[in-house]
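# An overview of the molecular structure
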Amino acid sequence: MPSWLIWLIPAFPLLGFLINILFVRNGRAAGLLACAAVALSFVASLAAIAMLAGTPEEARRITSTLWEWISIGQFRVPFGLLFDPLTAVMTLLVTGVGGLIHVYSLGYMREDERPVRYFANLNLFVFAMLMLVMADNMLLLFLGWEGVGLCSFLLIGHYFDRRSVPPGLVPSDAAVKAFVVNRVGDAAFLLAIMAIFSQLGSLSFYANEALGIAGYLEQAAMSGFTQVDLGIFGTIGVATAIGLLLLIGVAGKSAQFPLYTWLTDAMAGPTPVSALIHAATMVTAGVYLIARNHTVFEASPTAAGWVVAVGLITAALGALAAVPQFDIKRVLAYSTISQLGYMVTAVGLGAYVGGMFHLLTHGLFKALLFLAAGAVIHALHDVQDMRRMGGLRERMPQTFRLYAVGALALAGIFPLAGFWSKDEIIAYAWFSVQNPGAAIILMLSAAVTAFYMGRQLALIFAGRPREAGHVEHAHDPEPVMSIPLWILAAGALIGGVMNLPGLHWLSTFLEPTLQEPEVVFDTGRIIGQVILALVTTLLSVGGLYLGWTLYGRRFASRIRVGRDDPLQHYLGDIWRGAEIGWGLDWIYNRLVVRPYREISVFLWDIFDRQGIDQILVEGPARLIGRAGQVLRVGQSGYVRNYALVFLIGVVLVVGYFALLS
Amino acid sequence: MIPTGYYVALAGVLFALGVIGVLTRRNALVVFMSVELMLNSANLAIVAFANARQDTAGQILVFFTIVVAAAEVAVGLALLVQIFRTKRTTDVDEINLLKG
Amino acid sequence: MELVLFAITALVAIVGAVAMLLSSNAIHSALFLLLNFCAIAVLYLLLNAPFLFAIQLIIYAGAIIVLFLFAVMLLGAERAEDERDTIAWQRPVALVMGLILAAQVAYVVLTGTPAPAGGQDAAFGAPERIARELFTTYLLPFEVTAMLILAALVGVVVLHIREKRQVS
């Protein structure tokens, strides 16, 4: 079968976007078209995987180049796609989960004022994300990278005409914040691209025989010891430089410390958007990036070390910050930040398969959680403060079960999907790279994760309703919204089979691309892993139970809107610090936003209005006016006066000639 | 022989007197008379120089000047009469429409 | 002898001019101007210009002064101007400037190089000489001047035409 068929995968959503934005007026039609586009894309992905199976293991890759995009001397970039196991995994996630979210949106966005715009942007996003994961060179990947950033901006700002959205966000401001913070990462990404080209000679991942372009990933593996001279700043390894720059890009896009401030504000967008973009796909682009560029990080332990550090900090801070939140989506946002930290730590340690595994399972259960949260919000007519909920277990039993599945999966309870993926990462840290510190931090974060999920479940579903009026009318969502939820829940339940220890289907599948060494399961390792698993399970179950009982029974009566959380009494300032996301927003505000505003106001008011407008523009005008006024005095109107002036002139001229000649 | 300079000096004095008259008096007709005085002083100077250089051209020039001056006085007085008849005054300071 | 004549005539001319300036009655001013013109005519005579002497008396003293007198009487302008001067500094500055001008002329006359003297010509200033020059070398200006006078004549008439509609 011809290789250009892989172009169909991104082509369907692109077509969906174009038709929607140009021709469609009816919201219902737009939604159906969008769902169809993504569904077709999913089918195409499956077909591509079938094609992939037909290729030999050493060259498990389908490529298709449309044309040579840029050709300036040595700088040659093709416009081409590739389809290998890593891409396949991402494509299935994007189109599969994306498709389910599209269907869910049909119900959720039914009363929206701008449905066509929403579905068009959603399709555009899927297209950009697919371009990102299917690009065969860094520049085309960057195109997708920027594209998803743009769509994130458009979709977060979907309610741009609303002044404020719970819990007090301004959608247009949140959209701008997302874009700007991403930009910081993008700047570093661009520098990384330049570094790759200048030091490694090419931007294509693998060699492109058709156009005669070399691939740089192989070169990177051998460049670990090449140094680059930075003048007065000393020297730095090529791979280290590229790796660090890529890390900053990942920090921006995947909301790692210290660039995670945009993700919590991004919750101002519609909930399906939060599910798709900010849980399952866009934010995972960073993890994909590192996985794809694994040779670079393998060649530079320094860069990899930094990746791990950033990932661990993010995992811990994110988990802790999720605990005190009262907004239902904010808990999930910080949770996402924390889980992304897990993924980044994994790929930093070298557990590429582990990272991808967690990426997949997280995509499933986080999307489930977000969509279920959306069902709750929808049922309560846009109430997002958990202090106003409670007792929804009886009113929305289906939703409760779905949410519980998602929460248990996230907490890593055996035998749901999250348990397997988290454990794989922790085991890798402990056994494969002998980094017990990382493992312990991850385990403790897992405990905190379980705690806050238990807390959230209790606040929403347990006990009696705290605000009677709203809760009375709550009911389970309609089938168009609940069926995708059940599918996702099924995935969360049995997703672990993707990479069970011993069977390792995912590892085997991804091996041609990631070339990760096989795990040797000797007796020692098996026992060790079982012990580790028991410990983590204990921690998770403990955390979950603690959260559920504390907030379901003991504190239940003390939860009220406007009153502090009961635990704040014991933890004081730490609680407060966690609640505001560890003050990063505050720091950026003081350090960057305020000075920028001051400079802008200065330039506008003083420099432009007063300086240029008044002094330079009005100044001469007024000067001329004044001069005119002064000179006006001379126009007395009397003839004799004019004659006198003549005479004065004559006397002067005659005097000049008389005296000088 | 009287030195030419004396004549020229006299012409200068008369000219200055004429200028002062133009600038100082407010009666339009006296102003006009002062102008004629200036013309005459100039004529005197030219005739003095013509005599010094024994050049007839100077005298002919003065002849023409006198003729033209006559014509000019005629027209000028006609204008003055027109202007000041409507205003019923002969004060030059009343003509101040150019006042800015 | 000539010097005495010159001195007296010059004095008369200056006195006439000053009196013209200072007199408050316009008729008196005109008559003093007449005196001045006559003095200048005598000076022309002293300067070997008898033709101009005659012309001066005929045209200036005869025609122009008469025109002035007619105009004064037509406008009733003999009365004095009121004392208040609209521009305070006009008179003083004018006097000063005038004096400076006179001083400048005197300075030039006294310190400048004199004009080159022409040869002695017995027939200089005679009417025949002037007539010959006038009708040969300067014929064109002569004719043009004639047209100029015609134009002035027509102009004066036009200035005083009244529209038929106006009540005359």
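Here the structure is a predicted model, which is why all the values come from computation and not from measurement.

Reading the values: rules and limits
- Residues numbered from 1 in each chain as written.
- Chains lettered and ligands numbered in written order.
- Predicted model: local features only at pLDDT ≥ 70, side-chain atom pairs only at ≥ 80, totals over all residues.
- Heavy atoms only, no water.
- Helix = DSSP H or I, 4+ residues; strand = E, 2+ residues; numbered from the N terminus.
- Buried < 20%, exposed > 50% of the residue type's maximum accessible area, 1.4 Å probe, protein only.
- Contact = heavy atoms within 4.5 Å.
- Areas by Shrake-Rupley, 256 points an atom, 1.4 Å probe, with all protein chains shown as cover.
- pLDDT = per-residue confidence, 0-100.
- Buried area = accessible area lost by both parts, 1.4 Å probe.
- Salt bridge = Lys/Arg side-chain N within 4 Å of Asp/Glu carboxyl O.
- Polar contact = N/O pair within 3.5 Å; in protein donor to acceptor, adjacent residues only side chain to side chain.
- Nonpolar A, V, L, I, M, F, W, Y, C, P; charged D, E, K, R; others polar.
- Core = buried A, V, L, I, M, F, W, Y, C linked by side-chain atoms within 4.5 Å.
- Expected span 1.5 Å × (residues − 1).
- Phe/Tyr/Trp six-rings, centres within 6.5 Å; stacked < 30°, edge-to-face > 60°.
- Lys NZ or Arg CZ within 6 Å of the ring centre and 35° of its normal.
- Axes fitted to C-alpha atoms, helices over the stretch in contact; angles between N-to-C directions.
- Parallel < 35°, antiparallel > 145°, perpendicular 65-115°, else oblique.
- Pairing = 2+ DSSP bridges.
- Left-handed = near helix turned anticlockwise from the far one by under 90°.

Secondary structure assignment for chain C yields 6 helices and 0 strands. Each helix and strand of chain C, placed in order from N terminus to C terminus, yields the pattern α-α-α-α-α-α. Here chain C, with 168 residues, has 33% of them falling under the buried criterion. Long-range pairs, those at least 24 residues apart, make up 52% of the contacts in chain C with a sequence separation of at least 6. For chain C, the exposed surface amounts to about 10100 Å²; the carbon and sulfur share of it is 73%.

All names here are of chain C. Of all residues in chain C, 86% have pLDDT values of 70 or greater, and the mean over the chain is 85. Per-element mean pLDDT across chain C ranges from 84 in helix α4 (residues 90-111) up to 94 in helix α2 (residues 26-46). Prediction confidence for the complex, expressed as pTM and ipTM, is 0.71 and 0.90 respectively.

This part covers the interface of chain B and chain C. Across the boundary between the two partners, chain B contributes 69 residues, which contact 80 residues of chain C. Overall, the association of chain B and chain C removes approximately 6600 Å² of surface from exposure, summing both partners, and the carbon and sulfur fraction of that is 74%. Area buried by chain B at its contact with chain C is led by B:Arg26, B:Met33 and B:Gln54, which between them contribute 10% of it. For the pair chain B and chain C, the interface holds 0 salt bridges. Put simply, chain B and chain C have 8 residue pairs in polar contact (both at pLDDT 80 or more) between them. Those elements giving two or more residues to the side of chain B that touches chain C turn out to be α1 (4-24), α2 (28-53) and α3 (56-87) of chain B. The greatest single-element share of the side of chain B that touches chain C, amounting to 23 residues, is contributed by α3(B). Here the side of chain B that touches chain C is built from residues that sort into 45 nonpolar, 15 polar and 9 charged.

Moving on, we come to the interface of chain C and chain A. In this complex, chain C contributes 14 residues to the contact, which on the side of chain A involves 12 residues. Contact between chain C and chain A buries roughly 1200 Å² in total, counting both sides, with carbon and sulfur atoms accounting for 70%. At the junction of chain C with chain A, the criterion picks out 0 salt bridges. Counting across the chain C and chain A interface gives 1 residue pair in polar contact (both at pLDDT 80 or more). Residues that form the side of chain C that touches chain A fall into these classes: 9 nonpolar, 4 polar and 1 charged.

This part covers the environment of A:Asp564. With respect to the helices and strands, the residue A:Asp564 is situated in the loop between α23 (523-554) and α24 (568-579). Remark: the alpha-carbon pair of A:Asp564 and A:Ile248, spanning 316 residues in sequence, is separated by 36 Å.

The next subject is the nonpolar core. Grouped together as the largest cluster of nonpolar side chains are 196 residues, with contacts concentrated most on A:Phe83, A:Met138, A:Leu392, A:Tyr403 and A:Tyr551. Per-element tally for this core: the top contributor is helix α15 (residues 352-379) of chain A, with 19 residues. Filtering out sequence-adjacent residues up to four positions away, A:Tyr403 remains in contact with A:Ile328, A:Leu332, A:Leu369, A:Ala372, A:Ala373, A:Met453, A:Gln456, A:Leu457, A:Ile460 and A:Phe461. B:Leu17, B:Met33, B:Ala69 and C:Ile27 belong to the second-largest nonpolar core, a separate cluster that totals 61 residues.

What follows deals with α24(A). Residues and elements named next belong to chain A. Taking 1.5 Å of rise per residue, 12 residues should cover 16 Å, yet α24 covers just 10 Å from first to last C-alpha, more than 12% shy of that figure. By the burial criterion, the buried members of α24 are Gln568, Trp575, Gly577 and Ala578. Looking at the buried positions of α24, the neighbouring elements they touch are α13 (301-322), α19 (436-461) and α23. One or two steps after α24, the chain reaches Gly581, where phi turns positive at roughly 65°.

This brings us to the packing of aromatic side chains. As enumerated under the stated definition, the model contains 27 aromatic pairs over all chains in all. Considering the side-chain rings of B:Phe63 and C:Phe51, the 5.7 Å spacing of their centres and the 45° angle between planes classify their relative orientation as tilted. Separated into two different chains, B:Phe63 in helix α3 and C:Phe51 in helix α3 (residues 50-75) make up a pair that spans both. Given the relative accessible area of 25%, C:Phe51 is considered partly exposed. Among the aromatic residues, those joined into a cluster by ring pairs are A:Trp7, A:Trp67, A:Trp69 and A:Phe79. Cation over ring: A:Arg292 sits above A:Phe205, and NZ or CZ is 5.7 Å from the ring centre. Just above the ring of A:Tyr342 sits the side chain of A:Lys422; from NZ or CZ to the centre is 5.4 Å.

Next up on the list: the packing of helix α5 (residues 138-156) of chain A against helix α11 (residues 285-292) of chain A. The description of two packed helices rests on the angle between their axes and on the distance between the axes. Residues and elements named next belong to chain A. Look at α5 against α11: their axes get within 12 Å of each other, and the N-to-C directions meet at 170°. As the angle between them shows, α5 and α11 are arranged roughly antiparallel. Listed contacts from α11 to Met138, Leu141 and Trp145 of α5 are Ala285, Gly286, Tyr288 and Leu289. Here the contact of α5 with α11 is built from residues that sort into 6 nonpolar, 1 polar and no charged.

All names here are of chain A. Along the chain, Phe257 connects to Pro258 via a cis peptide bond; the corresponding omega equals -5°. Looking at where Pro258 falls in the secondary structure, it is placed in the loop between α8 (238-253) and α9 (261-265). Note that the residue after Phe414, namely Pro415, is joined by a cis bond; omega there is -5°. Positive phi values are uncommon outside glycine, yet Gln434 reaches one of about 55°.

Our next topic: the environment of A:Ala462. All names here are of chain A. In this structure, Ala462 sits in the loop between α19 and α20 (468-472). Ala462 gets classed as buried once you look at its relative accessible area, which sits at 7%. Sequence-distant contacts of Ala462, defined by excluding residues within four places in its chain, comprise Gly390, Gly391, Leu457, Trp548 and Gly552.

Below, the discussion takes up the pairing of strand β1 (residues 62-72) of chain A. Residues and elements named next belong to chain A. With 9 bridges joining them, β1 and strand β2 (residues 75-83) adopt antiparallel strand pairing. Along β2, the bridge assignment pairs Glu68 with Pro78. Two successive antiparallel strands, β1 and β2, enclose a turn made up of 2 residues, where Gly73 displays a positive phi of approximately 60°.

What follows concerns the packing of helix α6 (residues 171-200) of chain A against α8(A). All names here are of chain A. At a closest axis distance of 7 Å, the pairing of α6 and α8 adopts a crossing angle of 155°. Regarding the angle of α6 to α8, the classification is roughly antiparallel. As α6 runs across α8, the sense of the crossing is left-handed. Note on element contacts: α8 touches α6 through Val238, Ile242, Leu245, Leu246, Ile248, Gly249, Gly252 and Lys253, opposite Asn182, Gly185, Ala188, Phe189, Leu191, Ala192, Ala195, Ile196, Gln199 and Leu200. Taken together, the residues of the contact of α6 with α8 sort by class into 12 nonpolar, 5 polar and 1 charged.

To continue, consider the pattern of salt bridges. Residue and element names in this part refer to chain A. Inspection of every chain in the model, using the stated rule, returns 12 salt bridges over all chains. Here Lys177 makes a salt bridge to Asp265, at a shortest N to O gap of 3.0 Å. Pair noted here: Lys177 is in helix α6 and Asp265 is in helix α9, with a separation of 88 residues, a long-range link. Residue classification places Asp265 among the buried positions, given a relative accessible area of 12%. With a shortest N-O distance of 3.0 Å, Asp385 and Arg387 are connected by a salt bridge. The burial state of Asp385 is the same as that of Arg387; both residues are buried.

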